[in-house]
Amino acid sequence: MLEKFNSLWDSLPSYVQSLVWIVIVTVVLILCVAFLTLWERKVIGWMQLRRGPNRVRILGFLPGFGQPFADVIKLLIKEVVIPARANKILFRLAPMIALIPAFAAWAVIPLSPQLVISKADAGLLYLLSLTSMGVYGVIIAGWAANSKYAFLGAMRSAAQMVAYEIAMGFALVGVLMATGSMNLGKIVESQAGGVGSWNWLWLFPLLAVYFISGVAETNRAPFDVAEGESEIVAGFHVEYSGIAFALFFLAEYANMILISALTAVFFFGGWQGPFEGWPVLGATFLGAPSFAWLFLKVFCLVFLFLWFRATFPRYRYDQIMRLGWKALIPVTLVWIGVEMVMAIYRVGPWARPWYH
Amino acid sequence: MLIQILFHVFAAILVVSAIGVITTRNPVFSALALVMCFVTSAAIWLLIEAEFLAVVLVLVYVGAVMVLFLFVVMMLDIDLAELRQGFTRFAWLGWITALAVIIEIAGVVWAKGGLGVDVTRGATPLPADYSNTLELGKLLYGRYAYPLELAAMLLLVAIVAAIALTMRHRAGLKKQDVDAQVAVRAADRVRLVKMDPEKRP
């Protein structure tokens, strides 16, 4: 049976194979997003000594697991209200513009040693340009709704995005210097050799900058001033209802998973196993690279997002700008200088023989 | 064949959105049409295997420049009647500029034809391990390092000049000193007073 399947698979043309993988990745991602919303409510509930959602069951057991599906069905059958003075075309277009980059970015992420949809050579630049396009959804939504609250949210989001984009780009320049490639697959391969040779150790300041900018880029707490429900109701999506709102919601959570996956790929060795090259463990399955390691890393990093939301109060707007421009960008610039010195004296990642 | 069809599709979208930039009445639509122009021209560059240039065009212009542009255009209350006032007076200048650009492009196409490059066909396919980014990097930081540094310096001067020209120190402007805010201690703000809970009779 399995052999038959394998031969059938091999006989398919390569574009059909890619198409099948694209569909699989997208569907799995949407399911992950659905359960991430449940996981977030559960985790924050536990942190606040509540139970979280525990009523909707799947087939009568697993309390709470039906919640995401119940939410989706509820949002699907609600009316999408379009304000009378809104720009009809852009109002409908904005949720899609927000969602598409969040999914398209997965094309270049190496999921396992064998599996990556596109081995694009400029993969890192592709990711940077796609993540920077997500802001259009927010800006257009804020403007098209013809509402002052939505517009304020959009403006805040745009300014924040531009500020943190630069810090993010500079942090990735450091990764580029340490791994010598813009191909994400090669970035992961160059971090081979267990937990000590991943990038997080030598690029720790850049890791911090990247993850903080990632949280800001996804408009998550404590940087969620674009929503700011205590000041501007719900920010850019205040006029959206039903499934149009759900698309924004989906985009936000897909972006969270994306940023976590990218942090895992750039700083935590992607699909590399942490015990690789260790005396006893290295020989077992624990030392082997696999998709499971990537999943575990992404899971831990996504948990950080939820933890932040339950812990930190919202930043004041001027403090967000100050942090972005005056703290994060100088840190990255200094660390790129430090990396230059490390490269000259062949310390850390630059001590590897293949580098020279 | 597929590439040619794609080229014509993208080219059509590019031309339509380029016309849209100058014909739509709403400045926000103009800016969005310009974004569309950048994206489609990036797609056309991808077709001739200039992937680095294509991605950088999207990254820099769509991701950063146009976001700021939209930001400004949405905030401004642009009076269209006032904007259109000088249109016929300066139309001749626009025509001359358009003509100059067309002549330049035609010149490049003609010169390329003279060099034996067939411009009507796509790029010759490159080997799979060919890295566009690497080759461009070698040229920029090797052969053209000096002009690149000069251009970078020029940009830096422009940034400094723009900030220096627009930074004004108004008298009596209230500012927050963040360092002072961070360094503040509880004792500076709150004073605990020991007193009896009620007045003595």
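Residues numbered from 1 in each chain as written. Chains lettered and ligands numbered in written order. Predicted model: local features only at pLDDT ≥ 70, side-chain atom pairs only at ≥ 80, totals over all residues. Heavy atoms only, no water.

Visitor: Hey, could you run me through the nonpolar core in this one?
Guide: Residue and element names in this part refer to chain A. Judged by nonpolar contacts, the single largest core of 116 residues is most densely connected at Trp106, Ile109, Tyr136, Phe266 and Phe267. Examining the composition of this core, we find that 16 residues originate from one element, helix H11 (residues 242-267), more than from any other. Setting aside its immediate chain neighbours within four residues, Phe266 contacts Leu124, Leu127, Leu172, Val175, Leu184, Ile187, Gln191, Asn199 and Tyr210. (Core = buried A, V, L, I, M, F, W, Y, C linked by side-chain atoms within 4.5 Å. Buried < 20%, exposed > 50% of the residue type's maximum accessible area, 1.4 Å probe, protein only. Helix = DSSP H or I, 4+ residues; strand = E, 2+ residues; numbered from the N terminus. Contact = heavy atoms within 4.5 Å.)

Visitor: Can you help me understand the packing of aromatic side chains in this one?
Guide: A ring pair, where both rings are aromatic, is described by two values, the distance of the centres and the angle of the planes. Scanning the entire structure with this criterion turns up 19 aromatic pairs over all chains. Their ring planes at 75° and their centres at 5.7 Å tell us that Phe35 of chain A and Phe69 of chain A sit as a pair that is edge-to-face. Taken together, the residues Phe35 of chain A in helix H2 (residues 14-47) and Phe69 of chain A in helix H3 (residues 67-76) connect sequence positions 34 residues apart. Among the residues examined, Phe35 of chain A registers a relative accessible area of 27% and is labelled partly exposed. Phe69 of chain A gets classed as partly exposed once you look at its relative accessible area, which sits at 36%. An angle of 85° between the planes, with centres 6.4 Å apart, marks the rings of Trp143 of chain A and Phe29 of chain B as edge-to-face. Placement of Trp143 of chain A in helix H5 (residues 123-144) and of Phe29 of chain B in helix H2 (residues 27-47) is noted, with the two residues assigned to different chains. According to the relative accessible area criterion, Phe29 of chain B is partly exposed, its value standing at 29%. An aromatic cluster is defined as three or more aromatic residues linked by ring pairs; in this entry it consists of Phe211, Phe305, Phe308 and Phe312 of chain A. (Phe/Tyr/Trp six-rings, centres within 6.5 Å; stacked < 30°, edge-to-face > 60°.)

Visitor: What's the story with the side chain of Gln191 of chain A in this structure? I'm lost.
Guide: Residue and element names in this part refer to chain A. By secondary structure assignment, the location of Gln191 is in the loop between helix H7 (184-189) and helix H8 (199-202). Residue class for Gln191 comes out buried when judged on its relative accessible area of 0%. A distance of 3.3 Å separates a polar atom in the side chain of Gln191 from the backbone oxygen of Ile187. Look past the residues within four positions of Gln191 in its chain and what remains in contact with it is Ser197, Trp198, Asn199, Val265, Phe266, Phe267, Phe268, Gly269, Gln272 and Arg352. (Polar contact = N/O pair within 3.5 Å; in protein donor to acceptor, adjacent residues only side chain to side chain.)

Visitor: Even after reading the chapter, I still don't get the confidence of the model for chain B, so can you show me in this structure?
Guide: For residues with low pLDDT, the predicted coordinates do not support detailed interpretation. In this model, chain B carries a mean pLDDT of 82, and residues with pLDDT of at least 70 account for 86%. Interface confidence in the predicted complex, given as ipTM, is 0.79; pTM for the same model is 0.84. (pLDDT = per-residue confidence, 0-100.)

Visitor: I tried to follow the environment of Asn26 of chain B on my own but got confused; where do I start?
Guide: Residue and element names in this part refer to chain B. Position of Asn26 among the secondary structure elements: in the loop between helix H1 (2-23) and H2. By relative accessible area, Asn26 is classed as partly exposed at 25%. Each C-alpha atom of the pair Asn26 and Leu2 lies 36 Å from the other, and the pair is 24 residues apart in sequence.

Visitor: When you look at the state of the cysteines in this model, what are you seeing that I'm missing?
Guide: What we call a disulfide is simply a covalent bond connecting the sulfur atoms of a pair of cysteines. Residues and elements named next belong to chain A. All chains considered together, the criterion is met by zero disulfides over all chains. We note that Cys32 lacks a disulfide partner, and the nearest cysteine sulfur, in Cys300, lies 14 Å from it. Assessed through its relative accessible area of 29%, Cys32 is described here as partly exposed. (Disulfide = S-S within 2.5 Å.)

Visitor: Would you take a moment to explain the pattern of salt bridges for this structure?
Guide: Two side chains that carry opposite charge are able to pair once their charged atoms sit near each other. Residues and elements named next belong to chain A. In this structure the tally under the stated criterion is six salt bridges over all chains. In this structure, Glu40 engages Arg309 in a salt bridge whose closest nitrogen and oxygen atoms are separated by 2.9 Å. In this pair, Glu40 sits in helix H2 while Arg309 sits in helix H12 (residues 291-311), placing the two residues 269 residues apart along the sequence. One salt bridge connects Asp71 with Arg41, and the closest N-O pair in it is separated by 3.2 Å. A residue pair is termed long-range when its members are at least 10 positions apart, and Asp71 in helix H3 and Arg41 in helix H2 qualify at 30 residues. In this structure Asp71 comes out as partly exposed when scored by relative accessible area, which is 23%. Three or more residues are tied together by salt bridges with common partners; here these are Glu40, Arg220, Glu252 and Arg309. (Salt bridge = Lys/Arg side-chain N within 4 Å of Asp/Glu carboxyl O.)

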